[in-house]
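# Chains, contacts and geometry: an overview
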Amino acid sequence: KFFDDFMLKIFVNIFFVMSLLCSNLVHSQNVNPSVNDPVELERIETEREQIFATLIDDPTNMDNLFQYANLSILIGDLEAAVGVFEQMLIYDDSLPRIRLELGVLYYRLGAFTTAKVYLESVKRYNPPEEVLNNVDDFLNAITEAEEPFKFSHVVSTSVTNSSNGNSGLSADIINIAGYPFLVSPETKQQPDLSAGLSYVMSVSHDLNHPRGDSARYILSLSDTRQKRFDKFNLRTMVLSASRQFNLTPDTENPTSFLYAITSPSIVTSFDAFKVYLAGEGLLTSKKVSATLGGVLNEKSSFGFEVFTDQRDFLGNDTKSGDMKGLMFTNNRFFDRYELNGSLKYGFERFNAGIDSENYNQRLLQFSVNKPMYASILQLVGVDEEWRQDWSVSASLSHRKKNHDSGTEIFGLREDRVYSLQLSASKQLQECWVTNFNYRYNKATSTVDLFNIKNKQIGVDYTYICFNN
């Protein structure tokens with residue numbers, strides 16, 4: 001028996017050395033590294049190789065094995081760490097901490113069944129209470145992750161001050177059919193205050209597909225009421241259903257689609273909404289779209305959408321019709337400035353009941369998002385408690401709409417709409433998020449009646465903890 005045990009240990013050591021050699025030669029990154037600094041990442045790689053060299057001569061050194069596994073975790077090579085930890089259990093089966101580490105690693109790799117086996121086994125060794133709490137947290141997380149349906153609910157309130165609450169005109173004289181007309185005071189732009197309440201329920205559906213396909217369903221309700229101009233009270237109801245088709249597995253042959261796109265997917269969706277103005281139905285929409293998306297490189301992704309949208313203006317068939325279009329989106333991270341940028345270009349064609357309501361519309365939009373430096377707020381005297389964890393964003397867009405023909409009263413119409421939006425958001429507590437925003441819209445048209453501009457300043461409070 002002594003000879004058998006001795007030979008078994010020799011065989012195990014030889015097998016482990018061979019597995020270490022293969023792991024070191026075929027290094028795979030299963031997740032993103034925990035370290036972002038390239039210099040520090042290179043230092044960790046060097047240290048890992050040095051420890052690997054010592055393990056060739058002494059493969060049973062538990063301290064070196066543990067250090068090698070931890071360095072592998074830092075650089076994102078979780079599978080190498082799993083192999084080392086499992087080998088440590090062969091040498092010593094009574095290592096509850098290693099069992100916990102294996103349970104966590106398998107959880108991160110998505111192997112929930114194996115993760116549960118290791119996590120449950122930790123409890124047999126009477127670990128400290130804090131370790132048991134960690135085990136229970138991960139077991140609960142696995143139970144939640146294995147649920148095919150995940151629900152989230154968001155409730156938000158808003159208060160907005162608008163410089164043009166009645167969508168009035170800013171000019172004193174407008175031209176209609178070639179004749180000048182004075183603008184009455186009640187139709188000029190006037191400020192107003194509005195308050196809103198909205199609710200969004202989102203359902204994520206894990207389809208348990210080999211490629212990780214998923215579905216999502218959304219219900220959104222909102223109600224906005226004006227203080228003075230109640231005829232502009234607005235209510236909306238939105239229903240949305242989408243299905244994501246992943247074209248290739250995330251970890252296998254990532255550039256197999258068009259030899260350039262990583263993690264490509266196609267998302268098909270159906271969206272329907274209805275708008276009520278002052279309690280009366282105004283507009284319904286039924287939109288079907290398909291979007292091809294993917295990652296171009298570690299700093300850039302793209303999306304290409306085509307859609308058709310049936311719009312019905314209730315009580316006005318001349319404005320109702322069918323819209324078809326496409327949208328191209330490019331998202332990019334600029335590490336030099338530590339900001340995320342997005343560029344969108346879209347084209348839409350609307351065919352309505354009469355030629356004067358038919359139009360082509362083009363959209364160009366650029367937006368950025370960046371964490372706010374605390375020193376900026378410090379300069380204006382904001383307390384330290386309120387200077388942390390802010391995120392700022394800005395969006396600039398331009399729309400150009402060309403109608404096919406004019407009318408007897410108005411000539412051929414061309415509209416240009418310029419929009420600027422600035423916002424700053426912060427998570428106040430675990431469940432509350434606040435957002436301050438500023439919007440400026442200016443519409444210029446060859447028809448004076450559609451020259452309108454508006455400024456809005458608002459604040460939103462959102463509760464995000466109705467999740468189950």
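Residues numbered from 1 in each chain as written. Predicted model: local features only at pLDDT ≥ 70, side-chain atom pairs only at ≥ 80, totals over all residues. Heavy atoms only, no water.

## Re the nonpolar core
Here is the rule: For our purposes a nonpolar core is just a set of buried Ala, Val, Leu, Ile, Met, Phe, Trp, Tyr and Cys residues, chained together by side-chain atoms within 4.5 Å. The buried label applies to any residue whose accessible area, calculated with a 1.4 Å probe on protein chains only, is under 20% of its type's maximum; exposed applies above 50%, and partly exposed to all values in between. Think of it this way: any DSSP run of H or I at least four residues long counts as a helix, any run of E at least two long counts as a strand, and we number them from the N terminus. What makes two residues a contact is simply this: any of their non-hydrogen atoms within 4.5 Å.
In this structure, Phe85, Met88, Ile98, Leu102 and Leu105 are the most contacted members of the largest nonpolar core, which totals 33 residues. For this core, the secondary structure elements donating two or more residues are α2 (38-57), α3 (62-74), α4 (78-91), α5 (96-108), α6 (112-122) and α7 (129-146). Broken down by element, the residue count for this core peaks at seven residues, all from α4. Not counting residues within four places of it along the chain, the set of residues in contact with Leu105 comprises Ile73, Leu78, Ala81, Val82 and Phe85.

## Details of the packing of α3 against α4
How two helices sit against one another is set out by the angle between their axes and by the gap between those axes. Note the cut-off: Every axis in this analysis is a line fitted to C-alpha atoms, fitted for helices over the stretch in contact. Angles between the N-to-C directions lie between 0 and 180 degrees. The labels follow the angle: roughly parallel below 35 degrees, roughly antiparallel above 145, roughly perpendicular from 65 to 115, and oblique for the rest. For any helix crossing, the convention is left-handed if the near helix is rotated counterclockwise from the far helix by under a right angle, and right-handed if that rotation is clockwise. Under this grouping Gly is polar, as are all residues other than the nonpolar Ala, Val, Leu, Ile, Met, Phe, Trp, Tyr, Cys and Pro and the charged Asp, Glu, Lys and Arg.
Closest axis-to-axis distance for the α3/α4 pair is 7 Å, and the angle between their directions is 160°. When the axis of α3 is compared with that of α4, the two are roughly antiparallel. Of the two elements, α3 crosses α4, and the hand of that crossing is left-handed. Facing α3, whose interface residues are Met62, Leu65, Phe66, Tyr68, Ala69, Asn70, Ser72 and Ile73, α4 presents Leu78, Ala80, Ala81, Val84, Phe85, Met88 and Tyr91. Along the lines of polarity and charge, the residues of the contact of α3 with α4 split into 13 nonpolar, two polar and no charged.

## As for the state of the cysteines
The line we're drawing: Cysteine sulfur atoms are paired as a disulfide whenever they fall within 2.5 Å.
This structure, assessed with the given rule, holds one disulfide. Here Cys431 pairs with Cys465 through a disulfide, and the sulfurs are 2.0 Å apart. With the S-S dihedral at roughly -95°, the linkage between Cys431 and Cys465 falls on the left-handed side. You can see Cys431 sitting in the loop between β14 (414-427) and β15 (432-445) and its partner Cys465 sitting in the segment after β16 (452-463), a full 34 residues away along the chain. Its relative accessible area of 16% is what places Cys431 among the buried residues. When its relative accessible area of 30% is taken as the criterion, Cys465 is described as partly exposed.

## With respect to unusual backbone geometry
Residues other than glycine seldom take positive phi values, yet Ser167 does so here, at roughly 50°. Within the fold, Ser167 resides in the loop between β1 (149-162) and β2 (173-176). Unlike most non-glycine residues, Ala278 shows phi in positive territory, near 55°.

## So, the pattern of salt bridges
Basically, it comes down to this: Throughout this description, the term salt bridge denotes a Lys or Arg side-chain nitrogen within 4 Å of a carboxyl oxygen of Asp or Glu.
Under the definition given, this model contains 17 salt bridges. Among the ionic pairs, Asp136 bridges to Lys123, the shortest N-O distance being 3.4 Å. Here the residue Asp136 occupies a position in helix α7, and Lys123 occupies one in the loop between α6 and α7, the gap between them amounting to 13 residues. As a salt-bridge pair, Arg211 and Asp213 come within 3.9 Å of each other at their nearest N and O atoms. Of the residues examined, Asp213 reaches a relative accessible area of 0% and is grouped as buried. Counted as one network, the salt bridges with shared partners bring together Glu40, Arg43 and Glu47.

## Topic: the pairing of strand β8 (residues 280-297)
The criterion, for reference: A pair of strands is considered paired only if DSSP assigns at least 2 bridges between the two.
Examined bridge by bridge, strand β7 (residues 262-277) and β8 share 14 bridges and lie antiparallel to one another. Each residue of the ladder has a partner; that of Ser269, found in β8, is Ser289. In textbook terms, the turn of a hairpin is the stretch between consecutive antiparallel strands, and for β7 and β8 this stretch comprises two residues, one of which, Ala278, has a positive phi near 55°. Between β8 and the antiparallel strand that follows it, strand β9 (residues 300-313), lie two residues.

## Details of the packing of aromatic side chains
What counts is decided by this rule: Any two of the Phe, Tyr and Trp rings considered here, Trp counted by its six-membered ring, make a pair once their centres fall within 6.5 Å; the pair's planes then place it as stacked at under 30 degrees, edge-to-face at over 60, or tilted in between. In our convention, an over-ring charge means Lys NZ or Arg CZ found within 6 Å of a ring centre and within 35 degrees of that ring's normal.
For the structure on display, the rule yields eight aromatic pairs. For the pair Phe52 and Tyr68, a centre-to-centre distance of 6.5 Å together with 35° between the ring planes defines the contact as tilted. Residue Phe52 is located in helix α2, and its partner Tyr68 is located in helix α3; the two are separated by 16 residues in the primary sequence. Here the two residues Phe52 and Tyr68 agree in accessibility, since each one is buried. Seen from their ring centres, Trp432 and Tyr463 are 5.1 Å apart, and the 65° between their planes marks the pair as edge-to-face. Placement of Trp432 in strand β15 and of Tyr463 in strand β16 is noted, with a sequence separation of 31 residues between them. Its relative accessible area of 36% is what places Trp432 among the partly exposed residues. Ring-pair connections join several aromatic residues into one group, and the members of that group are Tyr107, Phe112 and Phe138. Directly above the aromatic system of Phe307 lies the positively charged group of Lys287, at a separation of 4.6 Å from the ring centroid. Just above the ring of Phe450 sits the side chain of Arg413; from NZ or CZ to the centre is 3.6 Å.

## Side note on the confidence of the model for the protein chain
Rules: On a range of 0 to 100, pLDDT expresses the predictor's confidence in each residue.
Per-residue pLDDT for the protein chain averages 84, and the proportion of residues at 70 or more is 87%. Note that residues 1-15 has pLDDT below 50 and, in this model, six contacts with residues that lie over four places away or in other chains. Throughout residues 251-255 the model reports pLDDT below 50, and contacts reaching past four residues in sequence, or to other chains, amount to six contacts.

## Remarks on a nonpolar patch on the surface
Note the following rule: Nonpolar side chains (Val, Leu, Ile, Met, Phe, Trp, Tyr) within 5 Å and like charges within 9 Å form the patches, drawn only from residues with over 30% relative accessible area and no salt bridge. Throughout, the Shrake-Rupley method with a 1.4 Å probe supplies accessible areas, and for residues the shown protein chains are the sole cover considered.
Taken together, the side chains of Phe304, Val306, Leu326, Phe328, Leu343, Tyr345, Leu364 and Phe366 present a nonpolar region at the surface, about 670 Å² in accessible area. Residue assignment for the nonpolar patch shows that the elements contributing at least two residues are β9, β10 (321-334), β11 (339-352) and β12 (359-371). Take Phe304: it is sitting in strand β9.

## Structural notes on α7
Note the cut-off: Here a helix's expected span is defined as the number of its residues, less one, multiplied by 1.5 Å. Of all possible arcs, the one meant is that of the directions from the helix axis to the C-beta atoms.
The end-to-end C-alpha distance of α7, which contains 18 residues, comes to 26 Å, matching closely the 26 Å that a straight helix rising 1.5 Å per residue would cover. Val135, Leu139 and Ile142 are the residues of α7 that are buried. Seen end-on, α7 carries its buried residues on one side only, within an arc spanning 55°. Residues of α7 that are exposed and point more than 90 degrees away from the buried face comprise Glu129, Glu130, Asn140 and Glu144. On its buried face, α7 is in contact with α5 and α6.

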